[in-house]
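For reference, the chains in residue letters:
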Amino acid sequence: MSGHTENEITIAAPLELVWDVTNDLENWPRLFSEYAAVEIIERDGDSTTFRLTMHPDDNDKVWSWVSERTVDRATRTVRARRVEPGPFQHMNIRWEYSEVPGGTRMRWAQDFAMRPDAPVDDAWMTDNINRNSKVQMELIRDKIEQRDRERRTASVGAN
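Residues numbered from 1 in each chain as written. Predicted model: local features only at pLDDT ≥ 70, side-chain atom pairs only at ≥ 80, totals over all residues. Heavy atoms only, no water.

Q: Tell me about the layout of surface pockets, residues and numbers included.
A: If you add up the space inside the largest pocket, you get close to 1000 Å³. Residue lining of the largest pocket: 38 residues in total, with Glu34, Met54, Trp65, Arg82 and Asn128 positioned closest to the centre. Mapped by element, the contributors of at least two residues to the lining of the largest pocket are strand S3 (47-54), strand S4 (64-72), strand S5 (77-82), strand S6 (88-100), strand S7 (103-114) and helix H3 (122-158). Grouping the amino acids of the lining of the largest pocket by side-chain chemistry returns 22 nonpolar, 10 polar and six charged. (1 Å grid on protein atoms, 1.4 Å probe; cavity = no way out; pocket = protein on both sides within 12 Å on 5 of 7 lines; lining within 4 Å. Points joined across faces, edges and corners; volume = space filled by probe spheres on them. Helix = DSSP H or I, 4+ residues; strand = E, 2+ residues; numbered from the N terminus. Nonpolar A, V, L, I, M, F, W, Y, C, P; charged D, E, K, R; others polar.)

This is the structure:
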């Protein structure tokens, strides 16, 4: 068996701003509530290999893994995969961005499978990812929309 999730949100901000903010890996700990740290390991063209470290969970366990992320600005897509899959047999994520009335639609599609010895199964992880994606997307939306409001206010004040 394997898991698949699709989640999306519309952000009332220009596509360029949404793209730039969400692809600024070094700032992910300030963008996502779940990440404590990001360590860039290697950059090669449009691909970045990096370590993500989460805040401790309810049992004080700190989860960390290495991922590779490749951006394609021309198609407004990002492909990512866990290089160190941990409890996953595999984890692949596709980010898609598109201009829509009222702003930018950001969509995440995740395909994964849990290892047989993982502490949870595919169904549990599917529910968990769907719940958490909604929370993280709403946080990201709110932060980017606030940044866009501040940017527009500053540009009006400069005129």
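Q: Help me get a handle on the side chain of Thr104, residues and values and all.
A: As for its position among the elements, Thr104 is in strand S7. For Thr104, a relative accessible area of 0% translates into the label buried. In this structure the side chain of Thr104 is engaged in a polar contact, spanning 2.8 Å, whose partner is the backbone oxygen of Ala13. At 3.0 Å, the side chain of Thr104 and the backbone nitrogen of Leu15 are in polar contact. Apart from residues no more than four positions distant in its own chain, Thr104 is found in contact with Ile9, Thr10, Ile11, Ala13, Pro14, Leu15, Val18 and Ser98. (Buried < 20%, exposed > 50% of the residue type's maximum accessible area, 1.4 Å probe, protein only. Polar contact = N/O pair within 3.5 Å; in protein donor to acceptor, adjacent residues only side chain to side chain. Contact = heavy atoms within 4.5 Å.)

Q: Could you give me a rundown of the pairing of S6, with the residues and numbers involved?
A: Of the pairings in the sheet, the one linking S5 to S6 comprises five bridges and is antiparallel in character. Paired with Arg81 across the bridge in S6 is Asn92. Following S5, the chain reverses through five residues before pairing antiparallel with S6; Gly86 in that reversal takes a positive phi of roughly 60°. Where S6 folds back onto S7 in an antiparallel hairpin, the turn is made up of two residues, including Gly102, whose phi is positive at roughly 90°. (Pairing = 2+ DSSP bridges.)

Q: Could you give an account of unusual backbone geometry, with specific residues and numbers?
A: The general pattern is negative phi for most residues beyond glycine and trans for most peptide bonds. Positive phi values are uncommon outside glycine, yet Asp60 reaches one of about 65°. Among the secondary structure elements, Asp60 is positioned in the loop between S3 and S4. With phi around 55°, Arg76 is a residue other than glycine that occupies positive phi space.

Q: Provide a residue-level description of the pattern of salt bridges, including the pertinent values.
A: This structure, assessed with the given rule, holds 14 salt bridges. Of the charged contacts in the structure, one is a salt bridge between Asp117 and Arg115, with a shortest N-O distance of 2.7 Å. Taking relative accessible area as the criterion, Asp117 reaches 57% and is therefore assigned exposed. Judged by its relative accessible area of 34%, Arg115 is partly exposed. For Asp142, the salt bridge identified is with Arg141, shortest N-O distance 3.0 Å. With a relative accessible area of 39%, Asp142 lands in the partly exposed category. (Salt bridge = Lys/Arg side-chain N within 4 Å of Asp/Glu carboxyl O.)

Q: Now, about the nonpolar core: what can you tell me, with residues and values included?
A: Core analysis: the largest hydrophobic core is formed by 24 residues, its most contacted members being Trp28 and Met106. Of all the secondary-structure elements, those providing two or more residues to this core are strand S1 (3-11), helix H1 (15-22), helix H2 (28-31), S3, S6, S7 and H3. Excluding anything up to four places from it in sequence, Met106 contacts Asn7, Glu8, Ile9, Ile11, Thr22, Trp95, Glu96, Tyr97, Met137 and Ile140. Residues Phe88, Met91, Phe112 and Met125 belong to the second largest nonpolar core, which totals seven residues. (Core = buried A, V, L, I, M, F, W, Y, C linked by side-chain atoms within 4.5 Å.)

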